[in-house]
Amino acid sequence: MNHKKLAVLFSATLLSLSHLAFAQTQYPSKPIRVIVPYPAGGGTDAVARAVFEKVGQAMGQPVVIENKAGAGTIIGLGEVARAAPDGYTIGIGGTSDPLLPLLYESVPFNPNTDLVFVSTLASVPLALAASNNVPAKTMQELVAYGKTQSGPLSIATAGLTSPHHMAAILLGNMAGFPLTAVPYKGTAPAVTDIVGGHIPLGMLGLPSVLPYQRTGKLKILGVGSPKRSALAPEILTFEEQGVKGYEASYWFHATVPKGTPAAIVERLRTEIDKVVRSADVRDSLAKAGFETLTLSPQESAVALKADTARWTKVIQENKLRGTQ
């Protein structure tokens, strides 16, 4: 390579580095929008608002939360994927993002390549709730009861192909008794039917059902986290009750469009991690039933790979498909 070409290459490198430095020092210079691919008032929405209100304060710019629900997160995350890669559009994804192409016929973006992971926010374990009509207080008692029935027990979930739905199917398979997963349009109607005795079981987020257990309106027979939840340490995990290797929890994370400058991604990660580690946000989310979570990109990649493999098997073996 001659001296002229070397000079051009060197100049281009300096220009690129200066652009990154400029992006990092000037960013953000206007409001940031955060797209939540679920309706307002749900768990994902609550986590996003708790974290990004503080992130906006730390970065000196307002954060606007936009709820873009529908099609199993495809609508909201699709908008993130199509946004300008400038750090001003952030999406709230989760551990089920990589599964979208398996669950839906048409996904107009690739969640594995068109979205860039920024930082984890919080996690929530899934819990098995039972109507007070069910004569069981433990998993062992439930399995014994289920085997006396003429057909599979029905178990409510928060939607077809939701993490709750897949977790319910996996529990029945691993615990060795038949369950029929019944998708509801969200958590609230599922809880209502469990409390009313219209459906015997539900696989739902622990924060959604714990208040009802504490008022005696239903029972929680186990949680899917690897260890007992700090929110309710008295509730046994499924692993402790003999369902070896069973795990069902999910986390929320921030994501940005592919092509977002590395300096901006790193700035966002730094600010988000600071907020998630702060005592006030940690305590606020804990009271709502969420456990704050800070994983490095490498740790997240390993965990996502394991989760994706687990749920891919469930999807393929049970021929699950979502509806758009």
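Residues numbered from 1 in each chain as written. Predicted model: local features only at pLDDT ≥ 70, side-chain atom pairs only at ≥ 80, totals over all residues. Heavy atoms only, no water.

Digging into the confidence of the model for the protein
Test applied: Every residue carries a pLDDT, the predictor's confidence in it, which falls somewhere between 0 and 100. Contacts are residue-level and defined by heavy atoms, with any inter-residue pair within 4.5 Å sufficient.
For the protein, per-residue confidence averages 89 on the pLDDT scale, and residues scoring 70 or more make up 92% of the total. Within the model, the stretch residues 6-10 combines pLDDT values under 50 with 2 contacts to residues more than four positions away or in other chains. In this model residues 12-20 is a low-confidence stretch, pLDDT under 50, and it forms 3 contacts with partners more than four residues away in sequence or in other chains.

Focus: the nonpolar core
Let me state the cut-off plainly: Note on terminology: a nonpolar core comprises buried Ala, Val, Leu, Ile, Met, Phe, Trp, Tyr and Cys residues joined through side-chain atoms within 4.5 Å. For each residue, the accessible area found with a 1.4 Å probe, counting protein chains only, is set against the maximum for its type, and the residue is called buried under 20%, exposed over 50%, and partly exposed in between. Each helix is a run of DSSP H or I of at least 4 residues and each strand a run of E of at least 2, with the numbering of both proceeding from the N terminus.
By size, the foremost hydrophobic cluster in this structure holds 73 residues, and its most contacted members are Val51, Phe52, Leu128, Met139, Leu142 and Met203. No other element matches strand E4 (residues 115-130), which puts 8 residues into this core. Listed in part, the 18 residues of the second largest apolar core include Ala158, Ala190, Leu204 and Ile235.

Let's talk about the environment of Gln61
Summarising the element assignment, Gln61 is placed in the loop between helix H2 (43-59) and strand E2 (63-67). Considered as a pair, Gln61 and Gln26 are 35 residues apart in the sequence and their alpha carbons are 12 Å apart. Apart from the residues within four sequence positions on either side, Gln61 is in contact with Pro28, Ser29, Lys30, Pro31 and Gly56.

Some remarks on the side chain of Thr308
Applicable threshold: Within 3.5 Å is the distance limit for a polar contact, defined as a pair of N or O atoms, with the added protein rule that one can donate a hydrogen and the other accept it, and that residues adjacent in sequence qualify only through two side-chain atoms.
Here Thr308 lies in helix H11 (residues 297-318). A distance of 2.7 Å separates a polar atom in the side chain of Thr308 from the backbone oxygen of Leu304. In this view, Thr308 contacts Pro98 and Leu99; residues no more than four positions away in its chain are not counted.

A short note on the packing of H2 against helix H10 (residues 279-288)
In plain terms, the rule: To get an axis, a line is fitted to the C-alpha atoms, and for a helix only the part in contact is used. The angle between two axes follows their N-to-C directions and goes from 0 to 180 degrees. Roughly parallel means an angle under 35 degrees; roughly antiparallel means over 145; roughly perpendicular covers 65 to 115; every other angle is labelled oblique. Basically, the charged four are Asp, Glu, Lys and Arg, the nonpolar ten are Ala, Val, Leu, Ile, Met, Phe, Trp, Tyr, Cys and Pro, and anything else, Gly included, counts as polar.
For the pair H2 and H10, interaxial distance at closest approach is 10 Å and the crossing angle is 170 degrees. With respect to each other, H2 and H10 are oriented roughly antiparallel. Only Asp280, Val281 and Leu285 of H10 make contact with H2, whose side of the interface consists of Val47, Ala50, Val51 and Lys54. Grouping the constituent residues of the contact of H2 with H10 by class yields 5 nonpolar, no polar and 2 charged.

As for H11
Selection criterion: To estimate how far a helix should reach, multiply one less than its number of residues by 1.5 Å.
Between its first and last C-alpha, H11 extends 31 Å over 22 residues, near the 32 Å set by a 1.5 Å rise per residue. The secondary structure elements touched by the buried residues of H11 are helix H4 (100-103), E4, helix H6 (163-175) and strand E9 (249-257). A positive backbone phi angle near 55 degrees is found at Lys319, which sits one or two residues after H11.

A look at the pattern of salt bridges
Note the cut-off: Here a salt bridge means any side-chain nitrogen of Lys or Arg lying within 4 Å of a carboxyl oxygen belonging to Asp or Glu.
In this structure the tally under the stated criterion is 14 salt bridges. The partner of Asp45 in a salt bridge is Arg49, with the nearest N and O atoms 2.9 Å apart. A residue pair is termed a helical-turn pair when its members lie 3 or 4 positions apart in one helix, as Asp45 and Arg49 do in helix H2 at 4 residues. Judged by its relative accessible area of 5%, Asp45 falls in the buried class. Asp114 is paired through a salt bridge with Lys258; the nearest N and O atoms lie 3.7 Å apart. Taken together, the residues Asp114 in the loop between H4 and E4 and Lys258 in the loop between E9 and helix H9 (262-277) connect sequence positions 144 residues apart. In the salt-bridge network here, residues are joined through shared partners; they are Arg33, Glu66, Lys68 and Glu79.

Section: helix H8 (residues 206-214)
To be explicit about the condition: It is the directions from the helix axis to the C-beta atoms that the arc portrays.
Within the sequence span of H8, burial applies to Leu206, Pro207, Val209 and Leu210. The buried residues of H8 all sit within an arc of 165 degrees when viewed along its axis, so they share a single face. Taken together, the buried residues of H8 touch E4, helix H7 (187-195), strand E7 (201-205), strand E8 (219-223) and H10.

Some thoughts on the environment of Leu100
Along the chain, Leu100 falls in helix H4. Residue class for Leu100 comes out buried when judged on its relative accessible area of 4%. Between the C-alpha atom of Leu100 and that of Thr161, which follows or precedes it by 61 residues, the distance is 9.5 Å. The contacts of Leu100, once residues within four sequence positions are left out, are Gly72, Thr73, Ile74, Leu77, Val107, Phe109 and Pro111.

Some words on the packing of aromatic side chains
The description of an aromatic ring pair uses the distance of the two centres, along with the angle that the planes make with each other. Filter applied, for reference: Two rings from Phe, Tyr or Trp (for Trp, the six-membered ring) form a pair when their centres sit within 6.5 Å of each other. Planes less than 30 degrees apart are called stacked, planes more than 60 degrees apart edge-to-face, and all others tilted. Two thresholds decide whether a charge sits over a ring: the Lys NZ or Arg CZ must be within 6 Å of the ring centre and within 35 degrees of the ring normal.
Summed over all chains, the structure comprises 4 aromatic pairs. With centroids separated by 5.2 Å and ring planes inclined at 65 degrees, the aromatic side chains of Tyr27 and Tyr88 adopt a geometry described as edge-to-face. In this pair, Tyr27 sits in the loop between helix H1 (3-26) and strand E1 (32-36) while Tyr88 sits in the loop between helix H3 (74-82) and strand E3 (89-94), placing the two residues 61 residues apart along the sequence. Arranged with centres 5.1 Å apart and planes meeting at 85 degrees, the rings of Phe238 and Tyr246 form a pair that is edge-to-face. Accessibility assignment for this pair places Phe238 and Tyr246 in one class, buried. One aromatic cluster in this structure is built from Tyr250, Phe252 and Phe290. In this structure, Lys30 packs its charged tip against the face of Tyr88, placed 4.7 Å from the ring centre.

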